[in-house]
Structures are given as C-alpha cells and as structure tokens.
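The lines below spell out each chain.
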Amino acid sequence: MIEGIAYALGGIGLFLLGMIVMTDGLRGLAGESLQHMLANTTHSPFSGALSGTISTAILQSSSATTVAAIGFVSAGLLTFPHALGVIFGANLGTTITGWLVVLFGFKLKLGVLLLPLIFFGVMLKLFSSGWKVQAGLAVAGFGLIFVGIDALQQGMVVFRDVLTPEQFPGDSWTGRIELLLIGLLITVITQSSSAGVATALVAVNAGTIELPQAVAMVIGMDVGTTVTAVIASIGGTAIGALLLLSPYMIYIDQFAPAWLSQNPELALVAFHSGFNLISVIVVLPFSYAFARLMYRLVPEFKDRLVERLDQKLLSEPEVALQTARMTLNDIGTVLATRLTFEINNESCDESVGQVRIQTAIDYVQDYLDEIQLHREKERHQKWLLSSIHVADHLQRLLTRSEEHECIRNVIDDELLRPGVERLASLLHLIEGKQEQGAWDKALQLATQNYQFMDEQRESLRAAVMREVAEQREDVDTAEQRLQAIRWLRRVAYHLSRITHHLHNCEQLAGGKLLVEKVTK
C-alpha cells in the first residue's frame, strides 16, 4: 500500500514537473511567435477562441495564453470581448493534454521507451545554445510526462482491490455533486486541471472508478480552474451545472460510437474535449454582454496612466515590455500636454499635474526593474534598455517643466520665439500621436528641433552678450536670458531622446532587431 501511494504521488509529481519543463521549453521556442499570432489574428471573440485554442494546444499552458491576452488588452492591442474569446479558447486547448496521455501513455505505452528522450533533452539543455536549449527542455519535459503517467499507473494497480467504483458516490444528483467537489479539490491542490484529468484517466483505465464517475470528476476539475482563472471557466461552470442535473450518460451512449464505449479512457477524454467545446460555443455569443457587465461591476483602482501595469504580466517579458511601452507612450503624451500649458502660460489641471506624472514615472520605473529577461533574448534586452532611457528622460523633462520662472523668460524673449514655435509644433504632434508608426514622424521633427537649437545656441548667446557689452542690458537680465536658452535646448534634447527610444521600442515591438547602438 505504501509503495502504491509513493508511486501514485511520484507519478503525479513527475507529470506536473514534465508539464512545467515542457511548457517552459515550448514557450521559449514559439512563445513570441504565438503571442504575435494572437494579437494579429484576433478580430472577434470567435477568431480569438480559435487562436487561443491553437496557442494553448502548442504551448500546453493556458496560463501563458491568458497572461498574453490580458497584456494585449492592457496594451490596447485587443478589446476585452476579443480577449474573452482567447481565454475561452485556451480552456478548450488544455484538453489536448488528455489526448496525449491516452494515445501515447495508454495505447502506445511509451513511458519506459521515452527515458532516453529525457537524457537527450537534458544533454541539449547542458551543452547547446540558443533555440536548442529550449528544444532540450521541451523534449525532456515531454518524456517526463509519460514517465510520470507510467509511475501513476503502477501506483493505481495497488489500489485496484482497495478502491472500487462502489466506494465512490453513485450516479445520483448528490453523488454527482460529491464527485464534482472531489474533482474541484484535486485541481485546487495540484493547481493543474491537466494533472487531475490525467489522474482520472489512469483511474478509469485501472478500473478504480467507472466512466460516469470520472465524467463528474472531470466537470469538477474544469470548475476548479476558476480558482486561478475565473473568467476562463465561467461558461464551463454553467454548462457543467446543467450536465450534472441531467442524465449525461444517455447523451454519451446515444451519440458516441460503439467502439468508444469499450475504451472508457478514450470516452472520457472525448467527453472532456466535447464538454469544453460546447461550453465555448454556448458562451461566445455573450462575450460582449459579459464584457459590459464586467465594466460595470469591476471598479478602477489605479490611475489610468498606469492601469496596464499588472504584476501578473511580468511572467511574460514580451507582454510586460509591450505594456510598459504603451504606458510610457501615455506618460509622454500627458507630459507634452503639460509643457504645452506651460509655454502658453496657462494653468495646468490635475490631469497633467506634477504629482500624477511623477507617480506614474516612479511606477513604470519600478515595473521595468521587475522584468526578468532571458540572456539570449537580445531583442528584449534592447527593448528594456530603450524603455529605461525613456523613463529617465521623462523624469528629466518633468523636472524642466517645474522651472516656471525660466519658462516665463523663454516665453518673453523675442530671440527665442522661433525655438518656442518649433517646440509647440513638436508637442502638438506628440499629444496627438496614437496610431502605429506615429513616433517615426515625431522622431524626425524632434531631431530637427534639437539640431536647430544646438546650432542657434552660440549665436543666441553671442547676441545676449553683445547687448550686455553695449550696456543695453544688465548682467542679471542677461543671465536669465542665457538660462532660458539653456532650458529650451535641454528640453529639445530630452524630447529628441524620448522620441528616439520610443521609436526604437515601437520597432522592437514589431519584432525588428535594431542593429544601431542604443545610446543615452
């Protein structure tokens, strides 16, 4: 008995470890491409469900797909209803794990045969570089899954005479609810519905429980996923409740082919996939209505400037960097509006107040500091570096916007009028930039503006000093005018660097690896 328990627990542990390792490897190999696919192919809840299913089936992780969908909503790349479709599809995509277990673990019995595959994967991880490292993890994780299933099967053999179907709740309403709760508990403990479904499949295969009991447990496992992803299982929960109140085995007997009833493990995994597919089909038409309800029910706790910066997104660097980029865009827009108020000698309201912008900059700097990157991801490293530079120059520019006396001197000095007009045009362009590619034009104008101020600096200084020498202006006034010249040039410099690095971020977000050196 003790040996059987050890095998069963060890098998579940190996299965979960294999899922984690394989998912990490697959995410490293194809994660970014699949995330781009999610963003580019999701145009409605229905297309979102399809892309979410495909992404999850490949990555073997509904969490990765869900986090990406949340991040794309935060970054404005997906609408909330469209993201709901992705999450519903992710719930369907997780059922592919059950098919892998049945086809490779039960029918082909590859557990022992895949042991060398684990060795091969580990060797790739230890002695390779680049994409081969991630491939090694995926291969080793794949092998571990079926070694775990093999150990779990050996453990279940011991329980065959100890645990029988008669010891589990029967096929009644109360019995189904009890079985549902058992399935829910398994998912909550393992934090993986895939592990629960695998355990149920092994139990059915060993004869420890019968198909109707396993079906109720699987419904409970799907409901159990609401502990970690409430939205993803709302549809499944509703359909599950209806199934529990109906004689669902009649449906299986009526519509399933005869050979399926002779293979209960295949019948169970087919039911699991069908159950989730029906749930998605039923729920998808209500995506927009559900989204409107959530907008009413869920209050906003953060300032809208930083509401995108969700800590949960940090597990996906691509999504976290995208979210930070959009936040920096918004802060830059608000700061440009603040400077426009200042050079027009108008009072600023709270929406462009110093405290709000400073808080947002501090928040995004802390967020950038928490993003953990893989060393081999050069594009991500360049992207993060440019983001840090943007935040730094936004901070410096905010400090300049607080130099009110200097700004008044800039406005009053006729010599600086051309520079002020150029600055106003640039700020107006930045305030209105939202569409893709807008930073390209802003960068050109900002660069021209800084070059103009840099070239004019010496001639402007000379003109001021000449007026002092000719005693047409006192020294104190001349010093104020020189400070105004320096202020205008420094603002032009910070804007040129902000637009440069935001343009870099925009290019890197599109998957382009910039070859030029990222400068301060």
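Residues numbered from 1 in each chain as written. Predicted model: local features only at pLDDT ≥ 70, side-chain atom pairs only at ≥ 80, totals over all residues. Heavy atoms only, no water.

Notes on the overall build of the protein
- Broken down by element type, the protein carries 22 helices and zero strands.
- Across the 520 residues that make up the protein, the buried fraction comes to 52%.
- The contacts of the protein with a sequence gap of at least 6 include a subset with a gap of at least 24, amounting to 79%.
- Carbon together with sulfur atoms contributes 61% to the accessible area of the protein, which is approximately 24,300 Å² in total. (Helix = DSSP H or I, 4+ residues; strand = E, 2+ residues; numbered from the N terminus. Buried < 20%, exposed > 50% of the residue type's maximum accessible area, 1.4 Å probe, protein only. Contact = heavy atoms within 4.5 Å. Areas by Shrake-Rupley, 256 points an atom, 1.4 Å probe, with all protein chains shown as cover.)

Notes on the packing of aromatic side chains
- By the definition in use, this model includes three aromatic pairs.
- Ring geometry for Phe-271 against Phe-275: centres 5.9 Å apart, planes inclined by 5°, an arrangement best described as stacked. With a gap of four residues between them, Phe-271 and Phe-275 both fall in helix α14 (residues 264-283), about one helical turn apart. Each member of the pair Phe-271 and Phe-275 is classed as buried.
- Relative to Tyr-493, the ring of Tyr-450 lies with its centre 5.5 Å away and its plane at 55°, an arrangement referred to as tilted. With Tyr-450 in helix α21 (residues 438-469) and Tyr-493 in helix α22 (residues 475-509), this residue pair connects regions lying 43 residues apart in the sequence. (Phe/Tyr/Trp six-rings, centres within 6.5 Å; stacked < 30°, edge-to-face > 60°.)

Section: unusual backbone geometry
- In this model, Asn-345 sits at a positive phi of 60°, which is unusual for a non-glycine residue.
- Among the residues examined, Asn-345 registers a relative accessible area of 59% and is labelled exposed.

A few points about helix α15 (residues 287-297)
- Every buried residue belonging to α15 is among Ser-287, Phe-290, Ala-291 and Met-294, and all of these are buried. Burial along α15 is one-sided: seen end-on, the buried residues are contained in an arc of 100°. Turned more than 90 degrees from where α15 packs its buried face, Tyr-295 and Arg-296 sit exposed. (Arc of directions from axis to C-beta.)

Examining the environment of Gln-354
- As for its position among the elements, Gln-354 is in helix α17 (residues 354-370).
- Among the residues examined, Gln-354 registers a relative accessible area of 28% and is labelled partly exposed.
- For the pair formed by Gln-354 and Arg-338, sequence separation is 16 residues and the distance between their alpha carbons is 8.6 Å.
- When residues no more than four places from it in sequence are discounted, the contact partners of Gln-354 are Arg-338, Leu-398 and Glu-402.

A short note on helix α16 (residues 317-343)
- Taking 1.5 Å per residue, 27 residues should reach 39 Å; α16 reaches 38 Å between its end C-alpha atoms and fits that length.
- Most of α16 is tucked away, with 26 of its 27 residues classed as buried.
- A positive backbone phi angle near 60° is found at Asn-345, which sits one or two residues after α16. (Expected span 1.5 Å × (residues − 1).)

Focus: the packing of helix α9 (residues 193-206) against α14
- Taken N-terminus to C-terminus, the directions of α9 and α14 make an angle of 150°; their axes are 8 Å apart at the nearest point. Between α9 and α14, the interaxial angle falls into the category roughly antiparallel. Considering only the axes of α9 and α14, their crossing is right-handed. Seen from α9, the contacting residues are Val-197, Ala-200, Leu-201, Val-204 and Asn-205; seen from α14, they are Pro-264, Glu-265, Leu-268, Val-269 and His-272.
- Counted by class, the contact of α9 with α14 contains seven nonpolar, two polar and one charged residues. (Axes fitted to C-alpha atoms, helices over the stretch in contact; angles between N-to-C directions. Parallel < 35°, antiparallel > 145°, perpendicular 65-115°, else oblique. Left-handed = near helix turned anticlockwise from the far one by under 90°. Nonpolar A, V, L, I, M, F, W, Y, C, P; charged D, E, K, R; others polar.)

Let's talk about the packing of α16 against α22
- At a minimum axis separation of 11 Å, α16 and α22 run at an interaxial angle of 155°. As far as their axial angle goes, α22 and α16 are roughly antiparallel. Crossing geometry of α16 relative to α22 is assigned as left-handed. Across the interface between the two elements, Glu-318, Gln-322, Arg-325, Leu-328, Asn-329, Leu-339 and Ile-343 from α16 touch Trp-487, Leu-502, Cys-505, Glu-506 and Ala-509 from α22.
- Of the residues contributing to the contact of α16 with α22, the split by class is seven nonpolar, two polar and three charged.

Quick word on a negative patch on the surface
- Residues Asp-362, Asp-366, Asp-369 and Glu-370 make up a contiguous surface patch of negative charge.
- Looking at the element boundaries, Asp-369 is found in helix α17.
- When its relative accessible area of 63% is taken as the criterion, Asp-369 is described as exposed. (Patch = residues over 30% accessible without salt bridge, like charges linked within 9 Å, V, L, I, M, F, W, Y side chains within 5 Å. Salt bridge = Lys/Arg side-chain N within 4 Å of Asp/Glu carboxyl O. Lys, Arg positive; Asp, Glu negative; His and termini not counted. Charge placed at Lys NZ, Arg CZ, Asp CG, Glu CD.)

Overview of the confidence of the model for the protein
- Here the protein averages 80 in pLDDT, and 83% of its residues register 70 or above.
- Mean pLDDT values for the elements of the protein range from 43 in helix α11 (residues 234-244) up to 93 in helix α18 (residues 378-401).
- Note that residues 228-251 has pLDDT below 50 and, in this model, 48 contacts with residues that lie over four places away or in other chains.
- Overall, residues 513-520 carries pLDDT values under 50, and its contacts beyond four positions in sequence, including any with other chains, amount to 23 contacts. (pLDDT = per-residue confidence, 0-100.)

Some words on the pattern of salt bridges
- Considering all chains together, one arrives at 16 salt bridges under this definition.
- For Arg-472, the salt bridge goes to Glu-470, with nearest N and O atoms at 2.6 Å.
- Between Glu-473 and Arg-481 there is a salt bridge whose closest N-O contact spans 3.0 Å.
- Judged by relative accessible area, Glu-473 falls into the buried class, the value being 17%.
- Residues joined by salt bridges that share partners form a network here, namely Asp-413, Glu-467, Glu-473 and Arg-481.

Some words on a nonpolar patch on the surface
- There is a patch of nonpolar side chains on the surface, built from Leu-50, Ile-54 and Ile-58 and spanning about 270 Å² of accessible area.
- Relative to the helices and strands, Ile-54 is located in helix α2 (residues 45-59).
- On the accessibility criterion, Ile-54 (38% relative accessible area) is partly exposed.

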